[in-house]
Amino acid sequence: MDTRFDLTIEEAAALLRRGEVVAFPTETVYGLGADATSAAAIQKIFTAKGRPGDNPLIVHIGLREQLSQVVSEIPEVAQKLMDAFWPGPLTIILPKQAGIAENVTAGLSSVGVRIPAHPAALALLQACKLPIAAPSANVSGRPSPTQARHVADDLTGKLAGILDGGATEIGLESTVIDCTSTPPMILRPGGVTREQIEAVIGSITIAESLTDADSAPKSPGMKYTHYAPRAPLYMVRGDDARFRCLIAEAQAEGKRVGILVPADQADYGADVVLTCGRIGDPLSVSKALYAALREFDEYELDVIYLAPFYGADLGEAIGNRLQKASGHRVMD
Ligand code: TXA
Ligand code: MG
């Protein structure tokens, strides 16, 4: 398939209406969109990404009026969340409306929905007037794309086109909250923090699998490895001396070592040093994180070490993604 890299909003909307797959920017990451009411269009997303069919997609809408096309019921708690956080990086799981294709939700009776806060995404969703299912626009398992170039690297030839909106603002996927359970449960930490949500609807729960690697995943997507560079990545706990020592040890074994550190940090003698954001500024870290994880693949590396330099709030989502990228490998 020929992939177009210079789509206008009108062209992208027309392609979506014709059942084609188009990548578009959101404030979190780039999405790979298709008509959520067409099983044939949705199947193209699963094929392009190589995504397991049991992992449901998030549906995006441009206006609150479109909600009734997607969900069959809106409890008060969900209403409050929408009032507080939409448009924005919060995906709300609610009972699914019949018009949404079965393969969007992998057969589940619930569906995730959000209104993204990105002018191009909103313009596209309003122009095509369809609910658009869109997972992150990466090949399954790779870091989510935060630039149009990342989408092109992963998916050229597998989609009709890309709407280029520059680098995304947050750089991490939306928070996913399940409002079909009482109290609501966070299935994936993201751009909206637990503290922000609790300030609006009171106490919520956190999926056990987010805190305990052994328990069964509540959200199908949580059981797959994600965001991983090719070389094995380890989270290192300990001080600077420990970090330096681990690097030297690996090099003594003939390994090439990459590290990810905040800007202006020491290089610790590693072979490849990538920087990502600044200490005390989690948004600067989340913004740059996936691009850095992708960049590691441009080097021949045997191991990647990472100091845990993210903080609270958004830091919870950053830590969650890094745990997944590292396959929960920690050097204590
Ligand atoms: O920020 C985002 O959410 C981006 C942009 C494009 O909007 N999208 C995104 O989609 O990250 P995706 O497919 O990469 O992740 C969707 C997550 C998966 O973990 C999936 O299992 C979960 O949401 N999910 C979707 N529908 C669900 C449902 N009905 N029940 C439980 N989990 C669901
Ligand atoms: Mg994804």
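These numbers were taken from a predicted model, which means no experiment stands behind them.

Q: Could you give an account of the packing of aromatic side chains, with specific residues and numbers?
A: Evaluation of the coordinates by the stated rule reveals two aromatic pairs. Considering the side-chain rings of phenylalanine 243 and tyrosine 268, the 4.8 Å spacing of their centres and the 90 degrees angle between planes classify their relative orientation as edge-to-face. Here phenylalanine 243 is found in helix 9 (residues 240-252), whereas its partner tyrosine 268 is found in the loop between strand 12 (257-261) and strand 13 (272-275), with 25 residues between them in sequence. For tyrosine 268, a relative accessible area of 4% corresponds to the buried category. When the ring centre of tyrosine 234 is taken as reference, the NZ or CZ atom of arginine 329 above it lies at 5.4 Å.

Q: Give me the lowdown on unusual backbone geometry, citing residues and values where you can.
A: Working note: non-glycine residues mostly have negative phi, and peptide bonds are mostly trans. A cis amide bond links tryptophan 86 with the next residue in sequence, proline 87, at an omega value of -10 degrees. Here proline 87 lies in the loop between helix 4 (76-85) and strand 4 (90-95). Note the cis peptide between threonine 182 and proline 183, where omega equals -10 degrees. With respect to the helices and strands, proline 183 occurs in the loop between strand 8 (175-178) and strand 9 (185-188). Phi angles above zero are rare outside glycine, and alanine 106 is one such case at about 55 degrees. Along the chain, the position of alanine 106 falls in the loop between strand 4 and strand 5 (110-114). Judged by relative accessible area, which is 29%, alanine 106 ranks as partly exposed.

Q: Tell me what's going on with the environment of histidine 226, and back it up with residues and numbers.
A: On the secondary structure map, histidine 226 appears in the loop between helix 8 (208-211) and strand 11 (233-236). Residue histidine 226 is classed as buried on the basis of its relative accessible area, which comes to 16%. Taking the C-alpha atoms as reference, histidine 226 lies 8.3 Å from glycine 327; in sequence the two are 101 residues apart.

Q: Tell me about the domain arrangement of the protein chain, and please be specific about residues and values.
A: Here the domain parsing of the protein chain yields domain 1 (9-206) and domain 2 (233-331). Computed from C-alpha coordinates alone, the two centres of domain 1 and domain 2 are separated by 29 Å. Taken together, the 24 residues of domain 1 in the interface contact 16 residues of domain 2. Of the roughly 1600 Å² buried at the junction of domain 1 and domain 2 (both faces included), carbon and sulfur atoms supply 54%. A per-residue breakdown of the area domain 1 buries against domain 2 is headed by Pro143, Leu172 and Pro189, which together make up 34% of the total.

Here is what the cut-offs are and how they apply
- Residues numbered from 1 in each chain as written.
- Chains lettered and ligands numbered in written order.
- Predicted model: local features only at pLDDT ≥ 70, side-chain atom pairs only at ≥ 80, totals over all residues.
- Heavy atoms only, no water.
- Phe/Tyr/Trp six-rings, centres within 6.5 Å; stacked < 30°, edge-to-face > 60°.
- Helix = DSSP H or I, 4+ residues; strand = E, 2+ residues; numbered from the N terminus.
- Buried < 20%, exposed > 50% of the residue type's maximum accessible area, 1.4 Å probe, protein only.
- Lys NZ or Arg CZ within 6 Å of the ring centre and 35° of its normal.
- Domains from an automatic or database assignment.
- Contact = heavy atoms within 4.5 Å.
- Buried area = accessible area lost by both parts, 1.4 Å probe.

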